[in-house]
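Results of the structural survey
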Amino acid sequence: MTDDEPVLQQLYRRMLLLRRFDERAIELRMQGMIFGPVHPYIGQEAVAVGICSQLAATDRITSTHRGHGHCLAKGADPGRMFAELFGRRDGYSGGKAGSMHIADFGVGMLGANGVVGAGLPIAAGAALASRLGAGDAVAASFFGDGAVGSGSFHEALNLSSLWRLPVLWVCENNGWAAGTPGSAQFAADHVTDFCRAYSIESERVDGNDVLAVAAAAGRAVARARAGEGPTLIEAVTFRMERHAVREGAIDPRPEAAIAPWRDRDPIAKVRADLLARSVLSETEDADLVASVEQQLDEAVRFAAASPLPEPESALAGFFAAESASA
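The structure reproduced in this document is the subject of the present report. (Residues numbered from 1 in each chain as written. Predicted model: local features only at pLDDT ≥ 70, side-chain atom pairs only at ≥ 80, totals over all residues. Heavy atoms only, no water.)

**Some details on the overall build of the chain**
- Helix and strand content of the chain: 11 helices and 7 strands.
- For the chain, the C-alpha radius of gyration of 20 Å lies close to 20 Å, the compact-globule estimate for 326 residues.
- When its C-alpha atoms are laid out on the principal axes, the chain stretches across 65 × 50 × 40 Å.
- Residues counted as buried form 50% of the 326 residues belonging to the chain.
- A separation of at least 24 residues holds for 73% of the contacts in the chain among residues at least 6 apart in sequence.
- Per element, the accessible surface of the chain, about 14,200 Å² overall, is 54% carbon and sulfur.
- Charge-centre separation for the chain: the mean point of 30 positive side chains lies 3 Å from the mean point of 41 negative side chains. (Helix = DSSP H or I, 4+ residues; strand = E, 2+ residues; numbered from the N terminus. Rg over C-alpha atoms; globule rule 2.2 N^0.38 Å. Buried < 20%, exposed > 50% of the residue type's maximum accessible area, 1.4 Å probe, protein only. Contact = heavy atoms within 4.5 Å. Areas by Shrake-Rupley, 256 points an atom, 1.4 Å probe, with all protein chains shown as cover. Lys, Arg positive; Asp, Glu negative; His and termini not counted. Charge placed at Lys NZ, Arg CZ, Asp CG, Glu CD.)

Laid out in structure tokens, this is it:
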């Protein structure tokens, strides 16, 4: 990474956008504007922003049920995202997919996914398509520590190593799969331990340090573009909110497990760093915060003004259109 002032400020602004989008989503969910569960990404913003800062527009990512941050970091439109959460016609899927299934192929976002671990084989397919075609595009798959016990994790890693696919496996290890601690999920000290079995390069980084994540991603992307195969990045981070925001949802994690992470907020960390290095002034910080709030105000207004989908559109997009020759 670089100390270039606009670049560092942009990383900080993107993290603010991710944080405030999900905080707004929680507020709007509690107000009845959003239906269905919302899975907040709050606390993990440095991972999505750090990884996506090293990806080109032509690179592709896959996501999880906790995908708002990945969508925004890759360049998705917050207005269309809120419209989808509101169930409105101008949402990414016409208001029919909701929070867990947002996709924007135009920016390389192949989709959030409500099935744990389901994004890994999709990313392997995207990486294979890149290798078979022209260009040097890479794929990156975000997944949580809860996906490490799934068959798709091991199958995707094995295949990516065998075929030396240009893919980044990004484990957002926040220590908990819903309410299950990592110690009860898999028989290894670290997720990177599995990489030895598949001969895959790996790095374990501080997932709350956006510059550390970006540096690791830069190395992994360079290896992938050079034809050197996949890399797994284990970003150690923490989810500050409950697993899902919905009626009756509680956080089963003990307060003793949460408290130590409150002082490691990734946004507070990067802000303090930028101020200390005089890369950001207090006035510039206030302006950045105000610009994010204005952007989200406009996004919410766009979503609220979007009409509901017509009943006759209920099945649109569910089935492939008949071919002209049929």
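This is not the end of the story, as more comes after the structure.
**A few points about the nonpolar core**
- One finds I51 and F82 to be the most contacted residues of the largest nonpolar core, which totals 64 residues.
- For this core, the element with the most residues is helix 1 (residues 5-30), which contributes 11 residues.
- Residues within four places of F82 in sequence aside, it is in contact with F21, R24, A25, L28, L296, A299, V300 and A303.
- By size, the runner-up hydrophobic cluster in this structure holds 23 residues, among which are V148, F153, V167 and Y198. (Core = buried A, V, L, I, M, F, W, Y, C linked by side-chain atoms within 4.5 Å.)

**Description of helix 2 (residues 45-52)**
- Within helix 2, 8 of the 8 residues are buried, leaving the element largely enclosed by the surrounding structure.
- Inspection of helix 2 places E45, A46, V47, A48, V49, G50, I51 and C52 among the buried residues, and these make up the whole buried set.

**Some thoughts on helix 8 (residues 210-225)**
- A rise of 1.5 Å per residue sets the reference length of helix 8, with its 16 residues, at 22 Å; its end C-alpha atoms lie 22 Å apart and thus fit the reference within 8%.
- What helix 8 keeps buried is the set V210, V213, A214, A216, A217, A220, V221, R223 and A224.
- Where helix 8 begins, one side-chain oxygen reaches toward the backbone nitrogen of L211, 3.1 Å away; that side chain belongs to D209.
- Among the residues trailing helix 8, G227 stands out with phi positive, at a value near 80°. (Expected span 1.5 Å × (residues − 1). Polar contact = N/O pair within 3.5 Å; in protein donor to acceptor, adjacent residues only side chain to side chain.)

**Some details on the packing of aromatic side chains**
- With the rule as written, the count across this model stands at 6 aromatic pairs.
- An angle of 80° between the planes, with centres 6.0 Å apart, marks the rings of F153 and F194 as edge-to-face. Linking F153 in helix 6 (residues 151-162) with F194 in the loop between strand 5 (180-181) and helix 7 (195-198), this pair joins segments that are 41 residues apart in sequence. Residues F153 and F194 agree in their burial class; the two are buried.
- Ring centres of F186 and F194 lie 5.9 Å apart, and the angle between their planes is 75°; on these two criteria the pair is classed as edge-to-face.
- Since its relative accessible area comes to 12%, F186 is described here as buried.
- In this structure F194 comes out as buried when scored by relative accessible area, which is 17%. (Phe/Tyr/Trp six-rings, centres within 6.5 Å; stacked < 30°, edge-to-face > 60°.)

**As for the side chain of R24**
- One can find R24 in helix 1.
- A residue is classified by how much of its surface remains accessible, and R24, at 10% relative accessible area, is buried.
- The contact partners of R24, leaving out residues within four places of it in the chain, are F82, E293, L296, D297 and V300.

**Re the pattern of salt bridges**
- Within the structure shown, the criterion is met by 19 salt bridges.
- Between R19 and D265 there is a salt bridge, with its nearest N and O atoms 3.0 Å apart. Of this pair, R19 sits in helix 1 while D265 sits in the loop between helix 9 (255-262) and helix 10 (266-276); the two residues are 246 residues apart in sequence, bridging distant segments of the chain.
- A salt bridge links R264 to D206; its shortest N-O distance comes to 3.5 Å. Placement of the pair is R264 in the loop between helix 9 and helix 10 and D206 in strand 6 (residues 201-206), with a sequence separation of 58 residues.
- The exposure class of D206 is partly exposed, given its relative accessible area of 28%.
- Taken together, the shared-partner salt bridges in this structure form one network comprising R20, E23, R24, E293 and D297. (Salt bridge = Lys/Arg side-chain N within 4 Å of Asp/Glu carboxyl O.)

**Considering the packing of helix 4 (residues 78-85) against helix 11 (residues 282-305)**
- Here helix 4 crosses helix 11 at 45°, and the two axes come no closer than 8 Å. By the angle between their axes, helix 4 is oblique relative to helix 11. Taken as a pair, helix 4 and helix 11 cross one another with a handedness that is right-handed. For the pair helix 4 and helix 11, contact is made by P78, G79, R80, F82 and A83 and by Q295, L296, A299, V300, F302 and A303, respectively.
- Here the contact of helix 4 with helix 11 is built from residues that sort into 8 nonpolar, 2 polar and 1 charged. (Axes fitted to C-alpha atoms, helices over the stretch in contact; angles between N-to-C directions. Parallel < 35°, antiparallel > 145°, perpendicular 65-115°, else oblique. Left-handed = near helix turned anticlockwise from the far one by under 90°. Nonpolar A, V, L, I, M, F, W, Y, C, P; charged D, E, K, R; others polar.)

**Overview of the environment of R88**
- Locating R88 in the fold gives a position in the loop between helix 4 and helix 5 (119-132).
- With residues up to four places along the chain from it excluded, the contact list for R88 reads A83, G94, G95, A303, A304, S306, P307, L308 and P309.

**Considerations on the sheet that holds strand 1 (residues 60-62)**
- Taken together, the 5 strands give an open sheet; going across it, the order is 1-2-3-7-6, and neighbouring strands pair in parallel fashion. The outermost strands of the open sheet, each flanked by one partner alone, are strand 1 and strand 6. Between one strand axis and the next, the sheet turns through 20° on average, direction left out of account.
- Pairing between strand 2 (residues 139-144) and strand 3 (residues 167-173): 6 bridges, direction parallel. Bridge pairing in strand 3 places A140 opposite L168. (Pairing = 2+ DSSP bridges.)

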